[in-house]
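# Notes for the structure review
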Amino acid sequence: MINFMDALMFYGFLQKALITSIMVGIICGVIGCFIILRGMALMGDAISHAVLPGVALSYMLGINFFFGAVFFGVLTSLGIGFISQNSRIKNDVSIGIMFTAAFATGIIMITLMKSSTDLYHILFGNVLAVRPSEMWSTLIIGVFVLVCVYAFYKELLVSSFDSTMAAAYGLPTRVIHYFLMTLLTLVTVASLQTVGIVLVVAMLITPAATAYLLTNRLWVMIFLSAGIGVLASIFGLYFSYTYNLASGAAIVLAATVLFVLAFVFSPKQGLVFRAIKNVRKRELLSR
Amino acid sequence: MKTAIAVNGLYVSYYGSEALKNVSFTVEEGNLVGIIGPNGAGKSTLLKALLNLIQKEKGEIAILGKTIKEMRTKVAYVPQRSSIDWDFPITVIDTVLLGTYPKLGIFKRPKKIDKAFAHECLEKVGMTELRNRQIGELSGGQQQRVFLARALAQKPEVYLLDEPFVGVDVTSEETIISILKQLRDIGKTVVVVHHDLSKATAYFNELILLNKELIDFGEVEKVIRPEVLDKAYNNQFSSLTNLEVKA
Ligand SMILES: Nc1ncnc2c1ncn2[C@@H]1O[C@H](COP(=O)(O)OP(=O)(O)O)[C@@H](O)[C@H]1O
Ligand SMILES: [Mg+2]
């Protein structure tokens, strides 16, 4: 087998895989920042699972799975909001109820279609089998998501940090919430081929959390998170190709390694520097 | 003098349990008003109702003679410190800069003048040196001053502050109250939720004494009388029994 770099020059499928996973790394990293800062990690997991019935339905109807997935993603986030606003049931519980219901529906629909290979690929991703049309839809979704975040950066910042102030000066905070849920659904759909439904949440959360440990500014965090997502995608793809591993799992583990590095060595939050600071403080005190 | 805040027959409840009952008062411009009352008296609820952040059941609220929806950019709110995520990746100066957002409108970014104005506001509260710190790396008093600076950056006519002196050091408290007094003296209206009575006379010129209902309202000296205060702070048991009799 030829090595990764040569193969990259040689094989179109690998180039497509690389481009797709880089885009996925970027958009997951960007949206992930808002997801973790708003305390919606669980919501990210939920929406990614909830698109399954939409994907299945799209296969049945023979339409682009994008439409079905977005429909079910948005429907689920509306359902979650409806239950927690109209009863005493807390948000995390309503998330748990709705997304497992949607996911179970999706599994049954796919079993009825009797095509378990499709199910396997949707659940775990297979970036090496990306078709040109799928690469292009990922790129278009990616550009759309990035333009939205750029255009509404100010509003996303203030409503994530202090939603009370945002509401007080007249921002439609609920609309912003569902808008973000829609972007999240789009990102999930764009990531299906690369990391699969089950592991999308890792790409949303792990690079963002890594960046969170490294900076005190939101825009820096967004760029770092996107960069970390891209690194994870490239390393993951490399290992996936070279050792014939599942692409989603390889990418996620690469992201996890980067997180652990930041967790241990981050200048502000890392274990190592904290320990050094504590030792210095103790020395100062004992003098 | 114009009327800054007019509240008439305000009722607010959470899931059927009443938090404010029949509250009416008016505040003229250029006053520094304290809202005082025991825990759970509905002080924060009153501020949120003024901001239209919670639905009112009944009653009217007018800010500077108009509805709050029309006057949104004229009102600044300093939230209770416990409601803020202090680990958020945002620096002191960027927090103050948020105060310029309401007047910018959608899609527009803060420009040089906005940034310069944010610096000015930060200087007023004496926090220029710490401008690049993350907000969680400040003491409680410093955090409160940053949020006051953000309110200043909104250039409002009406300031609403929820418990700004809780967990705040003496210097910060003095800085904050002196700024609030300056604002009053140039004709702004400042309403401060304050849960204890100490210093009420030194800080405010009017008081709203609240315990679900409006107990009393007016000049500080008129409100701070033992028989009035008793009604707000010690009569909780008798008001409970009253409720049971009615029900
Ligand atoms: N979001 C809420 N949901 C339900 N009850 C609430 C909520 N916020 C406040 N309350 C209740 O309303 C009453 C008044 O609360 P609040 O205005 O916060 O009082 P204060 O600020 O005077 O301590 C309290 O009994 C409180 O438990
Ligand atoms: Mg309160």
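Residues numbered from 1 in each chain as written. Chains lettered and ligands numbered in written order. Predicted model: local features only at pLDDT ≥ 70, side-chain atom pairs only at ≥ 80, totals over all residues. Heavy atoms only, no water.

### A word on the packing of aromatic side chains
Residues and elements named next belong to chain A. For clarity, the cut-off: Ring pairs are drawn from Phe, Tyr and Trp, using the six-membered ring of Trp, whenever the two centres fall within 6.5 Å, and their geometry is named by plane angle: stacked under 30 degrees, edge-to-face over 60, tilted for the rest. Secondary structure elements are defined from DSSP: runs of H or I of at least 4 residues count as helices, runs of E of at least 2 residues count as strands, and each element is numbered from the N terminus. Residue burial is assigned from relative accessible area. The probe radius is 1.4 Å, only protein chains are included, and a residue is buried under 20% of its type maximum, exposed over 50%, and partly exposed in between.
A complete count under the given rule lists 18 aromatic pairs over all chains for this structure. Note on F4 and Y238: the rings are 5.2 Å apart at their centroids and 85 degrees apart in plane angle, and the pair reads as edge-to-face. Of the two residues, F4 is situated in helix 1 (residues 4–10) and Y238 in helix 12 (residues 218–243); the sequence distance between them amounts to 234 residues. Classification of Y238 by relative accessible area gives partly exposed; the value is 32%. With a centroid separation of 5.9 Å and an interplanar angle of 25 degrees, the aromatic rings of F259 and F263 are classed as stacked.

### Things to note about the site of ligand 1
All names here are of chain B. For clarity, the cut-off: Whether a residue is near a molecule or strand depends on its heavy atoms: if one lies within 4 Å, it is near. Two N or O atoms count as a polar contact when they lie within 3.5 Å, although within protein this holds only if one can serve as hydrogen donor and the other as acceptor, and sequence-adjacent residues are included solely when both atoms are side-chain atoms. Note that accessible areas follow from Shrake-Rupley with a 1.4 Å probe, and for residues the cover is restricted to the protein chains shown.
Every residue near ligand 1 is listed here: Y14, A19, P38, N39, G40, A41, G42, K43, S44 and T45. With respect to ligand 1, the backbone of G42 contributes an N or O atom lying 3.0 Å from an oxygen atom. Protein contacts shield 59% of the accessible area of ligand 1, which totals 560 Å² for the unbound molecule. By residue number, the principal contributor to the shell around ligand 1 is helix 1 (residues 43–50), which donates three residues.

### Comments concerning the packing of helix 2 (residues 12–37) of chain A against helix 8 (residues 132–151) of chain A
Residues and elements named next belong to chain A. Note the threshold: Throughout, an axis means a line fitted to C-alpha atoms (over the contacting stretch in the case of helices), and angles, computed between N-to-C directions, take values from 0 to 180 degrees. Here the word oblique covers every angle except those under 35 degrees (roughly parallel), over 145 (roughly antiparallel) and from 65 to 115 (roughly perpendicular). Two helices crossing with the near one rotated counterclockwise from the far one by less than a right angle form a left-handed crossing, whereas a clockwise rotation gives a right-handed crossing. We call two residues in contact when some of their heavy atoms are within 4.5 Å.
Running from amino to carboxyl end, helix 2 crosses helix 8 at an angle of 30 degrees, the nearest separation of the two axes being 9 Å. With respect to helix 8, the element helix 2 is oriented roughly parallel. Of the two elements, helix 2 crosses helix 8, and the hand of that crossing is left-handed. Mapping the contact onto sequence places K16, I19, T20, M23, V24, I26, I27, V30, I31 and F34 in helix 2 and P132, M135, T138, L139, G142, V143, V145, L146 and V149 in helix 8.

### Observations concerning the interface of chain A and chain B
Operational definition: A quick way to say it: buried area is the sum, across both parts, of accessible area lost when two parts are put together, with a 1.4 Å probe. Here, a salt bridge means any Lys or Arg side-chain nitrogen found within 4 Å of an Asp or Glu carboxyl oxygen. Throughout this entry, Asp, Glu, Lys and Arg are counted as charged residues, while Ala, Val, Leu, Ile, Met, Phe, Trp, Tyr, Cys and Pro are counted as nonpolar. The remaining residues, Gly among them, count as polar.
Across the boundary between the two partners, chain A contributes 25 residues, which contact 32 residues of chain B. In this assembly, chain A packs against chain B so that about 2500 Å² is buried in total across both faces, 67% of it on carbon and sulfur atoms. Where chain A touches chain B, the interface holds one salt bridge. Inspection of the chain A/chain B interface yields eight residue pairs in polar contact (both at pLDDT 80 or more). Element by element, the count of residues in the side of chain A that touches chain B is highest for helix 9 (residues 153–161) of chain A, at seven residues. Class assignment for the residues of the side of chain A that touches chain B results in 15 nonpolar, five polar and five charged.

### Quick word on the pattern of salt bridges
Here the structure, examined in full by the defined rule, presents seven salt bridges over all chains. A salt bridge links R150 of chain B to D162 of chain A, with the shortest nitrogen-to-oxygen separation between them at 2.8 Å. Here the residue R150 of chain B occupies a position in helix 6 (residues 140–153), and D162 of chain A occupies one in the loop between helix 9 and helix 10 (163–168), the pair thus bridging two chains. Just as R150 of chain B is buried, D162 of chain A falls in that class too. Residue R184 of chain B pairs with D185 of chain B through a salt bridge whose shortest N-O separation is 3.2 Å. Look at R184 of chain B and you get buried, because its relative accessible area is 19%. Here D185 of chain B falls in the exposed class, since its relative accessible area comes to 57%.

### Some remarks on the layout of surface pockets
Our working definition: A 1.4 Å probe that fits into a set of points on a 1 Å grid over the protein atoms alone but cannot get out defines a cavity; an open set with protein on both sides within 12 Å along at least five of seven lines defines a pocket, and lining residues are those with an atom within 4 Å of a point. Grid points are joined across faces, edges and corners, and a volume is the space filled by probe spheres set on the points.
The space that makes up the largest pocket amounts to roughly 1500 Å³. If you go around the largest pocket, you meet 37 residues; those closest to its centre are Q85, S163, T173 and R174 of chain A together with L53 of chain B. Elements with a contribution of two residues or more to the lining of the largest pocket: helix 3 (41–50), helix 5 (65–85), helix 6 (91–113), helix 9, helix 10 and helix 11 (173–212) of chain A together with strand 1 (3–14) of chain B. For the lining of the largest pocket, a count of residues per class yields 16 nonpolar, 14 polar and seven charged.

Read these as geometric descriptors, not functional statements.
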